[in-house]
Amino acid sequence: LVFDTKELGASIPDHPLVLGKVNYMSEASYKAWVDSLLDQMVSKWQELEPSNSQISIITYVLATRLIQNSLFTKHEGFFEEREWRIVYRADADKKQILSPMLSYSIGPSGASPRLKLPLASIPRLSNAALTLEPLIDRILLGPGLRTAVSVHAIRRLIEQSGHATLAEKVYVSQTPYRSRGNA
């Protein structure tokens with residue numbers, strides 16, 4: 001899915017969904033970034049000699065930074081995707097608004113967690129009536145689904161689910177197919 005981010009408007013404080021642009025790095029660059037971050041932390045740690053309560057805060061900030069970066073980083077071989085991601089943060093979902101939408105899917109790599117957002121309004125998330133349909137700019141089918149039959153089948157599936165305007169937004173990705181061993 002390609003989202004039209006200008007439709008999202010202002011960010012909502014303490015929101016459980018985080019929208020971010022994906023960074024593309026080689027494995028060596030990613031390891032160098034982590035090493036640099038840890039070196040900076042150790043240097044500051046030695047300089048400040050933090051109290052126990054400060055150690056807790058520093059550790060939390062470091063862990064959050066590492067997790068955030070891992071969720072929004074992808075191998076540089078995929079840079080042409082110019083991907084953005086929406087990440088669900090369970091720790092920020094204090095009112096448990098989105099937790100009922102947590103699910104899973106079974107794919108070639110086994111079971112994977114999924115957050116299944118409805119196309120209808122998402123309750124208690126913002127003051128405005130937020131629906132997923134106007135946010136979707138395009139639906140890109142991956143290189144493995146690049147046949148005309150696949151495009152037709154996906155469009156028909158979407159139309160039959162009552163979302164004809166989304167069916168018109170189905171396109172084929174121009175990213176070349178790479179088997180799992182080549183990525």
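Residues numbered from 1 in each chain as written. Predicted model: local features only at pLDDT ≥ 70, side-chain atom pairs only at ≥ 80, totals over all residues. Heavy atoms only, no water.

Draft legend 1. Geometry of the nonpolar core. Listed in full, the 10 residues of the largest apolar core are Leu 132, Leu 135, Ile 136, Ile 139, Leu 141, Val 151, Ile 158, Leu 166, Ala 167 and Val 170. Listing elements by their share of this core, those giving two or more residues are strand E8 (136–141), helix H3 (148–160) and helix H4 (164–167). In terms of residue count, the dominant contributor to this core is E8 (3 residues). When near neighbours in sequence (up to four residues on either side) are disregarded, Leu 141 contacts Ser 150, Val 151, Ile 154, Val 170, Tyr 171, Val 172 and Ser 173. Among the nonpolar cores identified, the runner-up in size contains 5 residues, and Leu 17, Tyr 88, Ile 97 and Leu 98 belong to it. (Core = buried A, V, L, I, M, F, W, Y, C linked by side-chain atoms within 4.5 Å. Buried < 20%, exposed > 50% of the residue type's maximum accessible area, 1.4 Å probe, protein only. Helix = DSSP H or I, 4+ residues; strand = E, 2+ residues; numbered from the N terminus. Contact = heavy atoms within 4.5 Å.)

Draft legend 2. Region of interest: the side chain of Glu 83. Residue position: Glu 83 is located in the loop between strand E4 (73–75) and strand E5 (84–88). Within polar-contact distance, the side chain of Glu 83 engages the side chain of Arg 85 at 2.8 Å. (Polar contact = N/O pair within 3.5 Å; in protein donor to acceptor, adjacent residues only side chain to side chain.)

Draft legend 3. View of the pattern of salt bridges. Going through the model one piece at a time under the given rule, you end up with 6 salt bridges. For Lys 74, the salt bridge is made with Glu 83, and the minimal N-O distance between the two is 2.6 Å. Neither residue differs from the other here; Lys 74 and Glu 83 are each classed as buried. We note a salt bridge from Asp 137 to Arg 138, for which the minimum N-O separation is 2.9 Å. Three or more residues joined by partner-sharing salt bridges are found here, namely Lys 74, Glu 83 and Arg 85. (Salt bridge = Lys/Arg side-chain N within 4 Å of Asp/Glu carboxyl O.)

Draft legend 4. Representation of helix H1 (residues 27–48) in the model. With 22 residues, H1 extends 32 Å from end C-alpha to end C-alpha; this agrees with the ideal 32 Å at 1.5 Å per step. Within the sequence span of H1, burial applies to Val 34, Leu 37 and Met 41. Burial along H1 is one-sided: seen end-on, the buried residues are contained in an arc of 60°. Opposite its buried face, H1 presents the exposed residues Ala 28, Asp 39, Gln 46 and Glu 47, each directed more than 90 degrees away. (Expected span 1.5 Å × (residues − 1). Arc of directions from axis to C-beta.)

Draft legend 5. Broad picture of the environment of Leu 166. By secondary structure assignment, the location of Leu 166 is in helix H4. Residue Leu 166 is classed as buried on the basis of its relative accessible area of 4%. Spatially, the C-alpha atom of Leu 166 lies 8.9 Å from that of Pro 134, the residues being 32 residues apart in sequence.

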